[in-house]
Amino acid sequence: MQEQVQEVLNKLRPYLLRDGGDVELIDVDENGIVLLRLMGACGNCPSSTITLKAGIERALMAEVPGVTEIEQVF
């Protein structure tokens, strides 16, 4: 599952880079919880929660079976 998550993040990465940010995959646990770190401009952006939940989480849950939730690691 970790490889599938990384593939989806690679598809989304250009959009984050365009705004001066990036995302790092920390881990995917056995319950389908994906731990991510937002970096660069995305790390301290007031909209980072929206980016994480409405953008990244939605894409991962749609494309990777077994993903249940996204959590941000600081």
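What comes next is a walk through the structure. Note that the structure is predicted; figures quoted are calculated from it, not measured.

Bridge count for strand β1 (residues 21-28) against strand β2 (residues 33-40) is seven bridges, and the pairing is antiparallel. Bridge pairing links Asp22 to Met39 in β2. Here β1 folds back onto β2, and the loop between the two strands holds four residues, one of which, Gly32, carries a positive phi near 85 degrees.

For the rest of this paragraph, the subject is helix α1 (residues 2-18). Its 17 residues give α1 an end-to-end C-alpha distance of 24 Å, which sits within 8% of 24 Å, the value for a rise of 1.5 Å per residue. The largest bend in α1 comes to about 40 degrees, at Leu12, with the proline Pro14 one to four residues further on. All buried positions along α1 are accounted for by Val5, Val8, Leu9, Leu12, Arg13 and Leu16. Those residues of α1 that are buried are in contact with β1, β2 and α2 (48-63). Once α1 finishes, Gly20 follows within two positions and takes phi at roughly 85 degrees, a positive value.

Take Asp22: it is sitting in strand β1. At 2.6 Å, the side chain of Asp22 and the side chain of Arg13 are in polar contact.

Mapping Arg13 onto the fold places it in helix α1. A distance of 2.7 Å separates a polar side-chain atom of Arg13 from the backbone oxygen of Val23. For Arg13, the contacting residues outside a window of four places in its chain are Gln6, Asp22 and Val23.

Counted under the stated rule, the structure contains four salt bridges. A salt bridge links Lys11 to Glu63, with the nearest nitrogen and oxygen atoms 3.0 Å apart. Here the residue Lys11 occupies a position in helix α1, and Glu63 occupies one in helix α2, the gap between them amounting to 52 residues. Under the relative-accessibility criterion, Glu63 is labelled partly exposed at 42%. With a closest N to O distance of 2.6 Å, Arg13 and Asp22 form a salt bridge.

What counts as what
- Residues numbered from 1 in each chain as written.
- Predicted model: local features only at pLDDT ≥ 70, side-chain atom pairs only at ≥ 80, totals over all residues.
- Heavy atoms only, no water.
- Pairing = 2+ DSSP bridges.
- Helix = DSSP H or I, 4+ residues; strand = E, 2+ residues; numbered from the N terminus.
- Expected span 1.5 Å × (residues − 1).
- Bend = angle between axes of the 7 residues up to and from the residue.
- Buried < 20%, exposed > 50% of the residue type's maximum accessible area, 1.4 Å probe, protein only.
- Contact = heavy atoms within 4.5 Å.
- Polar contact = N/O pair within 3.5 Å; in protein donor to acceptor, adjacent residues only side chain to side chain.
- Salt bridge = Lys/Arg side-chain N within 4 Å of Asp/Glu carboxyl O.

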